[in-house]
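Spelled out from the first residue to the last, the chains are:
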Amino acid sequence: MLKTWSVSVLVYYDGDIISSSKGILFESPSDPQVITISDHMSLDALRKIIIDAIGGCTILLDIFYRQPIYVGDDCVEYECMKLKRDNDVGKIFFIFSKFSSKGSIKLNTKFG
């Protein structure tokens, strides 16, 4: 049987993706929602959980991931990765397993 790994994720919405000296930041006029996702989740399932958490929004256009990357000597910056396929959800977990000490998983969503 396949073991499933779940983590809490911060979801920002109705906000901006800002470039900074540390890479990208997510800013939102509202507090981020906390959801739980699993490593074997499909992108459609992730979309449904986000829509349910935000409440009332039915058209989720895009989901972006704040992806950490090492830039040397334990220094981390962040890039923006748009989630497009089911395996992108698994990729988040792979990256998180390497960078979990650097903070939580953060997603930014755009609704239409």
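This section reports on the structure supplied with the text. In this text, all values refer to a predicted model and were calculated from it rather than measured experimentally.

Here we come to the pattern of salt bridges. Once the charged atoms of two side chains with opposite charge are near each other, the side chains can pair. Applying the stated criterion to the full structure yields two salt bridges. Among the salt bridges present, the one from Asp52 reaches Lys48, with a minimum N-O distance of 3.0 Å. Of this pair, Asp52 and Lys48 both sit in helix α1 (residues 43–54), separated by four residues, roughly a single helical turn. Since its relative accessible area comes to 51%, Lys48 is described here as exposed. For Asp62, the salt bridge goes to Lys82, with nearest N and O atoms at 3.0 Å. In this pair, Asp62 is assigned in strand β5 (residues 60–72) and Lys82 in strand β6 (residues 75–82), connecting sequence segments 20 residues apart. Residue classification places Lys82 among the partly exposed positions, given a relative accessible area of 37%.

Attention shifts here to the nonpolar core. Counting 31 residues, the largest nonpolar core has Leu46, Ile50, Leu83 and Leu107 as its most contacted members. Of all the secondary-structure elements, those providing two or more residues to this core are β1 (6–13), β3 (23–27), β4 (33–38), α1, β5, β6, α2 (86–99) and β7 (105–111). Of all the elements, α2 adds the most residues to this core, at six residues. Contact partners of Leu107, with chain neighbours within four places excluded, come to Val9, Leu10, Val11, Tyr12, Phe26, Leu46, Ile50, Ile63, Phe64, Tyr65, Leu83 and Ile92.

Side-chain positions along a regular strand alternate between the two faces of the sheet. Two strands pair when backbone bridges link them, and β1 and β4 are joined in this way by six bridges, in the antiparallel orientation. Directly across from Leu10, in β4, lies its bridge partner Val34. Here β1 runs beside β7; their pairing, made up of five bridges, is parallel. Across the sheet, residue Leu10 finds its bridge partner in β7, namely Lys106.

Right, let's talk about unusual backbone geometry for a bit. The backbone of Asp14 shows a phi angle near 55°, a positive value even though the residue is not glycine. Looking at where Asp14 falls in the secondary structure, it is placed in the loop between β1 and β2 (16–20).

Turning to the pairing of β5, a few remarks are in order. Direction of pairing for β5 relative to β7: antiparallel, over a ladder of five bridges. Of the residues in β7, the one forming a bridge with Phe64 is Asn108. Taken together, the eight bridges between β5 and β6 define a ladder with antiparallel strand orientation. Pairing of Phe64 across the sheet is with Lys82, part of β6. Between β5 and β6, which pair antiparallel and follow one another directly, the connecting turn spans two residues, one of which, Asp73, has a positive phi of 45°.

The next thing to look at is α1. Under the 1.5 Å per step criterion, the end-to-end length of α1 is 17 Å for 12 residues, consistent within 8% with the ideal 16 Å. Those residues of α1 not exposed but buried are Leu43, Leu46, Ile50 and Ile54. Along the long axis of α1, the arc covered by the buried residues comes to 65°, so they all point the same way. Seen from the buried face of α1, the exposed residues on the opposite side, beyond 90 degrees, are Asp44, Lys48 and Asp52. Elements in contact with the buried residues of α1: β1, β4, β5, α2 and β7. One or two steps after α1, the chain reaches Gly55, where phi turns positive at roughly 75°.

Conventions used here
- Residues numbered from 1 in each chain as written.
- Predicted model: local features only at pLDDT ≥ 70, side-chain atom pairs only at ≥ 80, totals over all residues.
- Heavy atoms only, no water.
- Salt bridge = Lys/Arg side-chain N within 4 Å of Asp/Glu carboxyl O.
- Helix = DSSP H or I, 4+ residues; strand = E, 2+ residues; numbered from the N terminus.
- Buried < 20%, exposed > 50% of the residue type's maximum accessible area, 1.4 Å probe, protein only.
- Core = buried A, V, L, I, M, F, W, Y, C linked by side-chain atoms within 4.5 Å.
- Contact = heavy atoms within 4.5 Å.
- Pairing = 2+ DSSP bridges.
- Expected span 1.5 Å × (residues − 1).
- Arc of directions from axis to C-beta.

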